[in-house]
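Notes for the structure review
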Amino acid sequence: MASSHTPFLGCSAHTHTPFTFSSPALSLSHLQNFSYSNRRASIMPMQATTEKKPVLDNRMLVFVPPHPLIKHWVSVLRNEQTPCPIFRNAMAELGRLLMYEASRDWLPTISGEIQSPLGVASVEFIDPREPVAVVPILRAGLALAEHASSILPATNTYHLGVSRDEETLQPTVYLNKLPKKFSEGTRVFIVDPMLATGGTIVTAIDLIKERGVENQHIKVVAAVACPPALQKLSEKYPGLHVYAGIIDPTLTDKGMIIPGLGDAGDRSFGT
């Protein structure tokens, strides 16, 4: 785990342990200190219905899973020569992997016994009585969340459309299909491919929190994240968890991530 002076959250490549935000300053020099190995992250067995990190519960955590397939799909997305259909497929595959990692030790389970063809087996299933919601941020979030239903056995999907003014970089909500109130205990995956300035994701989280969801029951899934957005999330939402394919160091004056992967919505849908 990173020292207390590390201002940024990322995954420890060997233990799948996140770094934590503890300083307001974020810079490229800090980012360059992070080493992402291609060794397997350790897999901890499920021991409870929720993720338990007692020492870090009051801090925002960011995970960058060190899986070679995640690196592969990020590389495909970065390539400016990648055509639209392949770009969208790569975004969907990256989302599948990130949501798999984000759901680790977080989904409620039920235990019991079943009869297999050769004997009685002790088993665990995801508890279908506990609600799980997926909230893709339109448009590009649709591509990143495309395989959510194949990863999560029982989910509801609520669409949220947020556009960003190209001059002011301020977000505007143009579509809101969230329920008036989420059921108690609902776990929510917010799927937003690009965490750049942080305006869009903050707007989405605020809308979800207004409907009764606590920080600890929200996970953000992103293809690429950037320090300005992560710093903003860290200041506003202690206990939040963010899963990203990669973290890039900086933004343009138009709020685009560098090197990033371009406009994820345009490249996913060709419009």
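Residues numbered from 1 in each chain as written. Predicted model: local features only at pLDDT ≥ 70, side-chain atom pairs only at ≥ 80, totals over all residues. Heavy atoms only, no water.

As for the pattern of salt bridges
How we decide: Any Lys or Arg side-chain nitrogen located within 4 Å of an Asp or Glu carboxyl oxygen qualifies as a salt bridge. Residue exposure (1.4 Å probe, protein chains only): buried if accessible area is under 20% of the type maximum, exposed if over 50%, otherwise partly exposed.
If you walk through the whole model with that rule in mind, you get 7 salt bridges. The salt bridge involving D127 is made with R129; its shortest N-O contact spans 2.9 Å. On the basis of relative accessibility, which here comes to 64%, the residue R129 falls in the exposed class. Two residues, E210 and R211, come together in a salt bridge whose shortest N-O distance is 3.9 Å. Overall, E210 belongs to the exposed group, its relative accessible area being 58%. Residue R211 is classed as buried on the basis of its relative accessible area of 14%.

Observations concerning the side chain of D248
Selection rule: Per the convention used, a helix needs a DSSP run of H or I reaching at least four residues, while a strand needs a run of E reaching at least two, with both numbered from the N terminus. For this analysis, a polar contact is any N or O atom pair within 3.5 Å, provided that within protein one partner can donate a hydrogen and the other can accept it, and provided that sequence-adjacent residues contribute only side-chain to side-chain pairs.
Here D248 shows up in the loop between β12 (241-247) and β13 (250-251). Separated by 2.8 Å, the side chain of D248 and the backbone nitrogen of G260 make a polar contact.

With respect to the layout of surface pockets
Rules: Grid spacing is 1 Å over the protein atoms alone, the probe is 1.4 Å, and a cavity is where that probe fits but cannot get out, while a pocket is an open set with protein on both sides within 12 Å along at least five of seven lines and lining residues have an atom within 4 Å of a point. Grid points are joined across faces, edges and corners, and a volume is the space filled by probe spheres set on the points. All residues other than Ala, Val, Leu, Ile, Met, Phe, Trp, Tyr, Cys, Pro, Asp, Glu, Lys and Arg, Gly among them, are scored as polar; the first ten of these are nonpolar and the last four charged.
Taken as a whole, the largest pocket holds about 740 Å³ of empty space. In terms of lining, the largest pocket is formed by 32 residues, of which the most central are V162, R164, T200, D263 and G265. At the level of elements, β5 (132-138), α4 (140-144), β7 (160-164), β10 (194-195), α6 (199-209) and α8 (264-269) are the ones that each hand at least two residues to the lining of the largest pocket. Looking at the lining of the largest pocket, its residues break down into 15 nonpolar, 9 polar and 8 charged.

Let's talk about helix α2 (residues 68-78)
Worth spelling out the cut-off: This arc corresponds to the set of directions leading from the helix axis out to the C-beta atoms. By the convention used here, residues are in contact when the closest approach between their heavy atoms is within 4.5 Å.
Residues of α2 that are buried include every one of I70, W73, V74, V76 and L77, and no others. Each buried residue of α2 lies within a common arc of 160° when the element is viewed along its axis, so the set occupies one face. Buried-residue contacts for α2 involve α3 (84-102), β12 and α8.

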